[in-house]
Each structure stands twice: as C-alpha cells, then as structure tokens.
Amino acid sequence: MATVTIKHITKAFGDNVVLKEFNETFREGEFITLLGPSGCGKTTMLRIIAGFEKPTSGELYIDDQLVSGGKTFVPPEKRSIGMVFQSYAVWPHMNVFDNVAYPLTIKKKPKAEIREAVEHVLDIVHLSQYAQRFPNQLSGGQQQRVALARALVAAPKLLLLDEPLSNLDAKLRESMRFEIKEIQRKLGITVVYVTHDQTEAMAMSDRIFLINRGVVQQSGTPQEIYNQPANQFVADFLGKVDFFKGEADGERIVFPGMGGQSIAYSGPRRGKVEVAIRPENIYFDPDGVLEGTLEHQYYLGDVDDCRVRVGDTAVRVIASGFAYKTLRDGQKVRMNIRDIMVFEDDGLLEQMLKIQT
Ligand SMILES: Nc1ncnc2c1ncn2[C@@H]1O[C@H](COP(=O)(O)OP(=O)(O)OP(=O)(O)O)[C@@H](O)[C@H]1O
Ligand SMILES: [Mg+2]
C-alpha cells in the first residue's frame, strides 16, 4: 500500500499553466478519482505521479520518500507503480501472455511464478482464452484489458489508471468497473483513476477530485460532492441539473421565467439567485407548488424523462416509469420539488434547501 502526498504542485507548459497548486494526500488503500472535462489536467497529474513529467514547482512524495521536488527526481521505473495509459500500448510482436508477463520477465522471476501470476490476471480481465493471440487479432477493448492485466501482474502498491475503460462497450465497462474495484479491495492497493465520466467516478471512488482548468474545484466522497457541491461547476458536472434564475425575498423565490410562479424559501439570500434543481428531485403531485403543461414524455424503460412548460421555461422531470403512464402530452400538471440548491451570482453554493413534502 502507498500514500501519495502532493505539496503545492504546479505545472506549466511554456506560458500555459495546466495545474495550479495541487495540494493533497491520497491515503493508503484509497480509490481516488481525478475527474474533469477534457484538457483540465488529469493526465498531466497522473504523469507527474508516475514520473513521466516533472512538476514546475512543488513536491511529490510516495510514502515518505520525496520522488519529485527540488533537485530530487526518482525515475518512473524506480517508483513501483502500475500504470495504464490513456493511449494504452501493447507490444504488437508479443502475444497476450507475453505482453502481460513482461513486467515479471524483465525482473527475471521464475517461470512457474510468472505463469501463475499471468493466468490469474488474465482470468480477472476475462481474457484467459486469448492468451496466445497477438494484439492485431484483438479488439480495442480487449487490448485495453491486456494493458490493465500487465499493470496488475507485478502487484504494484500504487496503480494509476488513465481512462482504462474508454474503449469498452457499456456492459463490459460496468463489469470491469466492478472488477477493478474488487481487485483494489482485495489487494488493498491505492488507485488513482482518471476519467471524465461522472457515473464511473461516482460508482468507484472513495474520494473524487473534480478539476476544472487545472484547479481542484472540490474534493470529497461521491455523496459529499453530489449533495453539497461547492459551486455551480461542480453541481453541473455531476449528474443532471437545471439552473433557473430567481429572485429571493426572504420568504419565497420567484421565477420570472416561469410566469412569476414561486416556491417557499426562507434562506439568508436576498435578490438575484441561481436555483439548481436535479430533474429526479421534481415529481408530479396534484398538490404541487408549480403548475405547467406536459409537453413530452420520453420513455426510457426504468424512468420517464418529461418536459413540462412552465411559463417560458422548460422544466425537466425524471419520473419513475409506472406511476405516470396515465399522463397525456398537453395535459396540465402540478409538480413538487424535493431539494433545491441556491447559488449566489458568483456561483458559490449559498444553501442546500430541503423542501419536505
Ligand atoms: N507535453 C505537453 N506540452 C504542452 N502542453 C501540454 C502537454 N501535455 C499536455 N498539455 C496541455 O495541458 C493541458 C492538460 O492536458 P491533459 O492531458 O492533462 O488533460 P486531460 O485532463 O487529461 O484531458 P483529456 O480528458 O482530454 O485526456 C491541455 O491544455 C494540454 O494541451
Ligand atoms: Mg487525459
């Protein structure tokens, strides 16, 4: 097991500062996810941890050892880290077995030990029957799993994974998420996982670091950042959310875009606010506080994704499938809201308000 301590790390490529003041400790056995939109600096952070990139300033420790910082730089091969790159590379001239065995072969491990370890990880990634195939005889997703098996075979104490499931179909992706999580639990290794897929991050992580333009916007458990987003960027990035402009007067929030309809609100904020509502937190209710016209229902199997026109505003409602089969497009409906998030103009979270029904 390994801890990773990042002290004030900043990274610039020329004038372009791509990571600003990253300051954090990843604890032993934690599953950490770096999440954020394309170009926000996730891969760069991972490459700094692996030792493929030097930080411009700041220090990096693995366990208690300084590996980057000042005059010190420990090269990647001396950091005992397993890594799957975003552009995973498998050796084209080696079959699957030899690809996966490679990290042990260069360490000159006994043959029997290598065979056992390789068979074990191939089983984990569901590639046992492909051991003799060459990479050009595999699909992209299968090659990605070869890369994952190769990163795991030497039982590293720290595993860095850069979008390792991006080429898999939805079903395999879900099962591999579970497998990676199981491997991590079983081996007790520390994992730093990079993805821009928020569902994946929510499902797998002990803690998520949500990054935007090289700055950590918020870190915390999936529940913390989903339920108490620090700012509008975080609320918007995680899950589905709609923003509505409102006016708070201490008792109510009035929505000018909804023909002046309002909801009760006794929070401290007065004046212009941004109200964020997750569509699964709005539900149809004959006694509801908002009234609108049902425009369309999209049947998604488990739920109905509905659009309701309230004044000039389209309100999205994700309703559980069965209860609302009776509703017809064009019908007047009333809605209630479970939770709203109220943000100030600068995008900082003002208050999480629970509206009880
Ligand atoms: N070697 C480099 N030289 C110059 N700029 C770079 C280099 N590597 C990355 N960058 C820039 O740093 C920024 C962050 O890149 P990075 O690869 O870390 O993003 P990312 O979050 O991994 O994005 P994605 O989700 O698309 O993989 C980008 O603007 C990128 O263009
Ligand atoms: Mg990347």
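The structure displayed is predicted, hence computed values, not measured ones.

Attention now moves to the overall build of the chain. Each helix and strand in the chain was counted, giving eight helices and 22 strands. In terms of principal-axis extent, the alpha carbons of the chain reach across some 75 × 50 × 35 Å.

The next point concerns unusual backbone geometry. Positive phi, close to 50°, is recorded for His-8, a residue that is not glycine. Mapping His-8 onto the fold places it in strand β1 (residues 4-13).

In the region of ligand 1, 13 residues are neighbours, and Phe-13, Ser-38, Lys-42, Thr-43 and Thr-44 sit closest. Here the element with the most residues in the shell around ligand 1 is helix α1 (residues 42-50); it accounts for three residues. Residues that form the shell around ligand 1 fall into these classes: three nonpolar, nine polar and one charged.

Between its first and last C-alpha, helix α3 (residues 111-124) extends 20 Å over 14 residues, near the 20 Å set by a 1.5 Å rise per residue. Here α3 has its buried residues at Ile-114, Ala-117, Val-118, Val-121, Leu-122 and Ile-124. The arc that holds the buried residues of α3, viewed along the axis, is 150°, so those residues lie on one side. Away from the buried face of α3 by more than 90 degrees, exposed residues Ala-112, Glu-116 and Asp-123 are located. Those residues of α3 that are buried are in contact with α2 (96-105), α4 (140-152) and α5 (170-187). Positive backbone phi, approximately 60°, marks His-126, located one or two places after α3.

With that settled, consider the pairing of strand β17 (residues 290-299). Strand direction decides the pairing type here: β17 and strand β20 (residues 332-337), joined by four bridges, are antiparallel. Within β20, the position partnered with Thr-293 by the bridge is Lys-332. Relative to strand β18 (residues 303-310), β17 runs antiparallel, the two being bridged by six bridges. For Tyr-298, the partnering residue across the bridge sits in β18 and is Asp-305. Where β17 folds back on β18, the antiparallel hairpin that results is connected by three residues, among which Gly-301 adopts a positive phi of roughly 90°.

A few words on the pairing of strand β4 (residues 57-62). Where β1 lies against β4, five bridges are found, and the strand directions are antiparallel. Bridging across to β4, Lys-7 finds its partner in Glu-59. Sheet topology places β4 next to strand β5 (residues 65-69); three bridges connect them, and they run antiparallel. Looking at the pairing, Tyr-61 lines up with Leu-66 of β5. Counting the residues between successive antiparallel strands, the hairpin from β4 to β5 contains two residues, one of them, Asp-63, with a positive phi of roughly 50°.

Before going further, it helps to spend a moment on the nonpolar core. Val-100, Val-118, Val-121, Ala-149, Leu-160 and Val-192 are the most contacted members of the largest nonpolar core, which has 93 residues in total. Split by domain, the residues of this core number at least three in each of domain 1 (4-234) and domain 2 (242-354). Aside from chain neighbours lying at most four places away, what touches Val-192 is Val-4, Phe-26, Ile-32, Leu-34, Leu-46, Ile-49 and Leu-160.

What follows is about the domain arrangement of the chain. Along its sequence, the chain is carved into domain 1 (4-234) and domain 2 (242-354). Once you take the C-alpha centre of each, domain 1 and domain 2 turn out to be 39 Å apart.

Turning to the packing of α2 against α4, a few remarks are in order. One way to put it is that α2 packs onto α4 with a least axis distance of 7 Å and a crossing angle of 30°. In terms of orientation, α2 lies roughly parallel with respect to α4. Considering how the two elements wind past one another, α2 and α4 form a crossing that is right-handed. Across the interface between the two elements, Val-96, Asn-99, Val-100, Tyr-102 and Pro-103 from α2 touch Val-146, Ala-149 and Arg-150 from α4. By residue class, the composition of the contact of α2 with α4 is six nonpolar, one polar and one charged.

Cut-offs and rules
- Residues numbered from 1 in each chain as written.
- Chains lettered and ligands numbered in written order.
- Predicted model: local features only at pLDDT ≥ 70, side-chain atom pairs only at ≥ 80, totals over all residues.
- Helix = DSSP H or I, 4+ residues; strand = E, 2+ residues; numbered from the N terminus.
- Near = placed C-beta within 6 Å.
- Nonpolar A, V, L, I, M, F, W, Y, C, P; charged D, E, K, R; others polar.
- Expected span 1.5 Å × (residues − 1).
- Buried ≥ 20, exposed ≤ 12 C-beta atoms within 10 Å, placed from the backbone.
- Arc of directions from axis to C-beta.
- Contact = placed C-beta atoms within 7 Å.
- Pairing = 2+ DSSP bridges.
- Core = buried A, V, L, I, M, F, W, Y, C linked by C-beta atoms within 7 Å.
- Domains from an automatic or database assignment.
- Axes fitted to C-alpha atoms, helices over the stretch in contact; angles between N-to-C directions.
- Parallel < 35°, antiparallel > 145°, perpendicular 65-115°, else oblique.
- Left-handed = near helix turned anticlockwise from the far one by under 90°.

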